[in-house]
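Chain residues, written in single-letter form:
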Amino acid sequence: MAAHTYLAPAKINWFLHITGRRADGYHTLETVFQRIDWCDELTIQTTDDGVITLTGDLSGVAMTANLAYRAAVALRDRAELPKGHSLGARIHLAKNIPMGAGLGGGSSNAATVLTALNDLWGLDFANQTLQKIGLTLGADVPFFVSDFNAAFATGVGEVLTPIDLPARELFLVNPNVHVPTAQVFSGFRRFGFTPSLDVSLSELPDLLPNHQVFSNDLEKSTFEIAPAVAHVYEVLSAAMPDGFVRMSGSGATVFAMPMDGAQRQVLDDWRQVCPPDWQCRWVSTASLF
Ligand SMILES: C[C@](O)(CO)[C@H](O)COP(=O)(O)OP(=O)(O)OC[C@H]1O[C@@H](n2ccc(N)nc2=O)[C@H](O)[C@@H]1O
Ligand SMILES: Nc1ncnc2c1ncn2[C@@H]1O[C@H](COP(=O)(O)OP(=O)(O)OP(=O)(O)O)[C@@H](O)[C@H]1O
């Protein structure tokens, strides 16, 4: 069968407040996810031989541990097939989104495989069902399975309410360090966390770039684990004293939203001196589809 190519976008978290901890150890949170136009690319061809393979940029992650591969297996396990019928797929992954970056790259890969194979295999599961399957793969997967450009999320990130946010240009800096999410969550408590928001969802879009109201409760834990992330945060904050600077997810990526042309120029100038092994880029939150 013909091969189909899909873009898997990354996300940022505009803020991330920890609101509690479940019995299973996962933390509940409130956050706003928004997609950005920094994408991985997946090419998928289906077969009826019952074999699923993943090739391309596996970046040291064994195929069977890769979230793109695990998504295909999870979906196939849920399919009720007529006797003798078997589902297979050849998946090729081209990575652009850095891993362990707080950008949800692996989660986005998983979501893209779920939605694409649901269509190509003719399974027609409802999106809500795909989100539930996605949640077994990672807390960010349900957002990427949804078709929301931006969403307010609670739970561990699976209770989603879409919100309309304006398209913005953001300056992202990833200092090329891999931050283990588990270690970040295990260490944040010492630094305290933000009380739950008391703003209505309708107020959120206008309030969002307000540095005082919205924070990321994981920042200090990540800064301690990876001082390079703290350095990026300090440099961008110094460059834009009244701008919006925030770490995304559990890091290592920090993003800045310039408030005016002068701040945009400052970031562009800073880009010229960005260390060669760091990834510094402008991205847009405009809807991709
Ligand atoms: C930080 C975020 O990226 C925000 O978007 C997500 O909450 C991360 O969720 P995720 O990708 O599912 O995280 P994983 O990398 O699978 O989780 C690694 C470990 O981080 C801890 N973890 C993760 C998510 C969460 N809400 N609470 C946690 O305590 C758990 O110990 C988990 O075993
Ligand atoms: N296809 C994949 N792409 C990226 N990472 C993957 C993939 N499959 C498995 N992983 C593993 O999952 C981990 C988390 O990857 P992912 O990119 O989803 O999270 P992240 O970049 O840390 O973003 P966040 O912290 O927001 O979840 C990686 O560190 C990697 O070891």
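Residues numbered from 1 in each chain as written. Chains lettered and ligands numbered in written order. Predicted model: local features only at pLDDT ≥ 70, side-chain atom pairs only at ≥ 80, totals over all residues. Heavy atoms only, no water.

Undergrad: Looking at this structure, I do not really get the side chain of H17. What am I missing?
TA: Mapped onto the fold, H17 is located in strand β1 (residues 4-21). A distance of 3.1 Å separates the side chain of H17 from the backbone nitrogen of S215, its partner in a polar contact. Dropping the residues within four chain positions of it, H17 is found in contact with T28, L29, E30, T194, P195, L197, V213, F214, S215 and D217. (Helix = DSSP H or I, 4+ residues; strand = E, 2+ residues; numbered from the N terminus. Polar contact = N/O pair within 3.5 Å; in protein donor to acceptor, adjacent residues only side chain to side chain. Contact = heavy atoms within 4.5 Å.)

Undergrad: Help me understand the packing of aromatic side chains in this model?
TA: Pairs of aromatic rings are described using the distance from one ring centre to the other and the angle between the two planes. Counted according to the given criterion, the structure contains 10 aromatic pairs. Considering the side-chain rings of F15 and F214, the 4.8 Å spacing of their centres and the 40° angle between planes classify their relative orientation as tilted. Of this pair, F15 sits in strand β1 while F214 sits in the loop between α6 (204-207) and α7 (219-225), placing them 199 residues apart in sequence. Just as F15 is buried, F214 falls in that class too. The interplanar angle of 50° and the centroid separation of 5.2 Å between the aromatic rings of F223 and Y233 together place this pair among those described as tilted. In this pair, F223 is assigned in helix α7 and Y233 in helix α8 (residues 227-239), connecting sequence segments 10 residues apart. Like Y233, F223 is buried. One aromatic cluster in this structure is built from F171, W270, W278 and W282. Just above the ring of F143 sits the side chain of R35; from NZ or CZ to the centre is 5.3 Å. Above the plane of the ring of W282 lies R264, whose end atom (NZ or CZ) is 4.0 Å from the centre. (Phe/Tyr/Trp six-rings, centres within 6.5 Å; stacked < 30°, edge-to-face > 60°. Buried < 20%, exposed > 50% of the residue type's maximum accessible area, 1.4 Å probe, protein only. Lys NZ or Arg CZ within 6 Å of the ring centre and 35° of its normal.)

Undergrad: Got a minute to help me understand the domain arrangement of the protein in this structure?
TA: Accessible area lost during the coming together of the parts is what is often quoted as the interface size. As assigned here, the protein comprises domain 1 (4-162) and domain 2 (169-284). Relative placement of domain 1 and domain 2: their C-alpha centres are 24 Å apart. With 26 residues of domain 1 at the interface, the matching set in domain 2 holds 38 residues. Summed over both partners, the interface of domain 1 with domain 2 buries about 2,500 Å², with 66% contributed by carbon and sulfur atoms. (Domains from an automatic or database assignment. Buried area = accessible area lost by both parts, 1.4 Å probe.)

Undergrad: It is not clear to me how the UniProt feature "binding site: ATP" (unreviewed entry) in the protein should be interpreted in this structure. Could you clarify?
TA: Feature annotation in UniProt places "binding site: ATP" (unreviewed entry) on P98, M99, G100, A101, G102, L103, G104, G105, G106, S107 and S108, given in this structure's numbering. You can see A101 is positioned in the loop between β4 (88-94) and α2 (105-120). Judged by relative accessible area, A101 falls into the buried class, the value being 2%. Aside from chain neighbours lying at most four places away, what touches A101 is N174, S248, G251, A252 and T253. Examined against the element boundaries, G102 turns out to sit in the loop between β4 and α2. Using a relative accessible area of 10% as the deciding quantity, one classes G102 as buried. For G102, the residues in contact, after removing those within four places along its chain, are K11, N13, S248, G249, S250, G251 and A252. (UniProt positions renumbered as here; feature names shortened; annotations may be inferred.)

Undergrad: Can you help me understand helix α9 (residues 261-272) in this one?
TA: Along an α-helix, residues three or four apart share an orientation, since each turn contains 3.6 residues. In a regular helix each residue adds 1.5 Å, so 12 residues correspond to 16 Å; α9 covers 17 Å between its end C-alpha atoms and thus fits that length. Three or more residues of α9 are buried, namely Q263, L267 and W270. Burial along α9 is one-sided: seen end-on, the buried residues are contained in an arc of 60°. When the buried face of α9 is taken as reference, the exposed residues oriented beyond 90 degrees from it are G261, A262 and Q272. Elements that come into contact with the buried residues of α9 comprise β7 (169-174), α8, β9 (254-257) and β10 (279-284). One side-chain oxygen at the N-terminal end of α9 lies 3.0 Å from the backbone nitrogen of A262; it belongs to D260. (Expected span 1.5 Å × (residues − 1). Arc of directions from axis to C-beta.)

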